[in-house]
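Read off the chains here:
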Amino acid sequence: MTPLVSIVVPFHDEASGIDMFFAAVRPVMDARADVSWEVVCVDDGSRDDTLVRLIAQTRSDARVRVLELSRNFGKEAALTAGIDAARGQAVIPMDGDLQDPPSLLSPMLDAWRGGAEVVLARRSDRSRDSVARRHTAAWFYRLHNRLSKTQIPENVGDFRLMDRVVVDALRRLPERQRFMKGLFAWVGFRTVTLDYARPLRAVGRSRFSGVALWNFALEGFTGFSTAPLRIWTYVGAVFAALSLLYGGFILVHTILSGSRVPGYASLFVAVTFFGSVQLISIGLLGEYIGRIYMETKQRPIYLVRSTYTAQTPHASDPVLSR
Ligand code: UDP
Ligand code: MG
């Protein structure tokens, strides 16, 4: 009996790349005689032919399974769905656009067979990214790791191998807002890192815009650190001390040289400045309260409409009989 390895792939509107994806992954995995494998595909509410093409893959290869989510839940939720469904002794989340090179699968499996519980794939060079994206990424990691006890390794995405013990640990984290990079880092375990150069997207385009990345970063900060909440105690203390000093200065100055009526400018600046500081801190409170609110609803992270395997009869297939 060879151990089973599950490759988990979220797909959202990737129809044009699917056949290419399987053509690239299949030979690499077949070349490994020491493992058997399955691919768990998650169709994350695609509006194109993604689902039909994935189902076609299950017909020609019994090792392919497809989970169809009821709508687009986002990559993090789709990954969670796939990881929950994976049966392997090792699980490898992978993008469906071939930006996570299949050639790395074999070295990852070697490291796992050698005793690693987590094998990370780190992008050794981001030179193909725009200057802005490279810098914001660097700032994000620096700030996050300064604020949070959970250290996220730099330039590491979701592409990694996890042993079953790690997957089971991950599945015990119940949060609804899933910042996978952070959750992966939080569970820890014996880790080995491999470097690779990230290729450009095979086809199609990235779904992560500037705004999406900003929200993603906010999710990371608020999910793994309360420092942004606590900082306001100290900001408040510093300004209280400063205003006390200034108050003393005015008092002494008034006693010595009488009352000065002018002061419109300093008053105006103080009022607007403290007003904005308070709004910022209230906004930050709102970020956390909003997240508490979402968590307390206890909604499921994803909903599966149907599952497709090689055994799924055509007749019960809503997509193919449509
Ligand atoms: N993806 C998904 N749901 C989404 C957006 C993306 O399942 O709402 C999948 C997408 O199909 C791809 C992977 O997540 O397999 C990475 O997406 P993308 O290539 O757009 O991100 P990038 O590589 O630019 O970070
Ligand atoms: Mg991509």
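Predicted model, so just to flag it, every value in this text is computed and none were measured. (Residues numbered from 1 in each chain as written. Chains lettered and ligands numbered in written order. Predicted model: local features only at pLDDT ≥ 70, side-chain atom pairs only at ≥ 80, totals over all residues. Heavy atoms only, no water.)

### Overview of the overall build of the chain
Cut-off, in case you're wondering: Where helices and strands are cited, they refer to DSSP runs of H or I of at least four residues and of E of at least two residues respectively, numbered from the N terminus. To get the radius of gyration, use the C-alpha atoms; to get the globule rule, take the number of residues to the power 0.38 and multiply by 2.2 Å. Throughout this description, buried means an accessible area under 20% of the type-specific maximum (1.4 Å probe, protein chains only), exposed means over 50%, and partly exposed covers the range between. Note on definitions: a residue-residue contact is assigned when non-hydrogen atoms from the two residues lie within 4.5 Å. Every accessible area reported is derived by Shrake-Rupley at a probe size of 1.4 Å, with residue values counting cover from the shown protein chains alone.
Looking only at helices and strands, one finds ten helices and eight strands in the chain. The C-alpha atoms of the chain give a radius of gyration of 26 Å, which is well past the 20 Å a tight globule of 322 residues would have. A principal-axis box enclosing the C-alpha atoms of the chain has dimensions of 95 × 45 × 35 Å. The burial tally for the chain puts 43% of its 322 residues in the buried class. By sequence separation, contacts in the chain at least 24 residues apart represent 82% of the contacts at least 6 residues apart. When the accessible surface of the chain is summed, it comes to about 17300 Å², and 62% of that surface belongs to carbon and sulfur atoms.

### Notes on the pattern of salt bridges
The cut-off we apply is this: Salt bridges are defined by distance alone: a side-chain nitrogen of Lys or Arg within 4 Å of a carboxyl oxygen of Asp or Glu.
Within this structure, the stated rule accounts for 18 salt bridges. A salt bridge links D34 to R32; its shortest N-O distance comes to 2.8 Å. If you follow the salt bridges from partner to partner, you end up with R26, D30, D61 and R63 in one network.

### Details of the layout of surface pockets
Rule in force here: Grid spacing is 1 Å over the protein atoms alone, the probe is 1.4 Å, and a cavity is where that probe fits but cannot get out, while a pocket is an open set with protein on both sides within 12 Å along at least five of seven lines and lining residues have an atom within 4 Å of a point. Grid points are joined across faces, edges and corners, and a volume is the space filled by probe spheres set on the points. Polar here means any residue outside two lists: the nonpolar Ala, Val, Leu, Ile, Met, Phe, Trp, Tyr, Cys and Pro, and the charged Asp, Glu, Lys and Arg; Gly therefore counts as polar.
The computed volume of the second largest pocket comes to approximately 320 Å³. Around the second largest pocket sit 13 residues that line it, and L147, L218, F221, P228 and L284 are the ones nearest its centre. Where the lining of the second largest pocket is concerned, the elements lending two or more residues are α5 (131-147), α8 (210-224), α9 (227-257) and α10 (264-296). In the lining of the second largest pocket, the residues fall into ten nonpolar, two polar and one charged.

### Remarks on empty space enclosed by the protein
Enumeration over the complete set of coordinates arrives at one cavity of 30 Å³ or more. Here the largest cavity defines a volume of roughly 30 Å³. Along its surface, the largest cavity is lined by T80, I83, D84, L170, R171, R178 and M180. Elements represented by at least two residues in the lining of the largest cavity include exactly α3 (75-85) and α6 (164-171). Examining the composition of the lining of the largest cavity, we find that three residues originate from one element, α3, more than from any other. Taken together, the residues that form the lining of the largest cavity break down as three nonpolar, one polar and three charged.

### Focus on the side chain of N155
By the element assignment, N155 lies in the loop between α5 and β6 (156-163). You can call N155 buried: its relative accessible area is 17%. Setting aside chain neighbours within four positions, we find N155 in contact with A121, R122, R123, R126 and Y141.

### Side note on the UniProt feature "domain: Glycosyltransferase 2-like" (unreviewed entry) in the chain
Rules: UniProt positions are given in the numbering used here, feature names are shortened, and annotations may be inferred rather than shown by experiment.
UniProt feature "domain: Glycosyltransferase 2-like" (unreviewed entry): in the numbering of this structure it lies at residues 6-169. Summarising residues 6-169: 41% helix, 24% strand, and an end-to-end C-alpha distance of 17 Å.

### Side note on the pairing of strand β4 (residues 90-93)
Sheet faces and side chains relate simply in a regular strand, where the side chains alternate between the two faces. How we decide: Each pair of strands is called paired provided DSSP finds at least two bridges between the two strands.
Residue alternation in β4 divides its side chains into two sets, A90 and I92 and V91 and P93, and both sets are buried. Examined bridge by bridge, strand β1 (residues 4-11) and β4 share four bridges and lie parallel to one another. Residue pairing across strands places V8 opposite P93, the latter belonging to β4. In this structure, β4 lies alongside β6, joined through two bridges in antiparallel fashion. Within β6, the residue paired with V91 across the bridge is M162.

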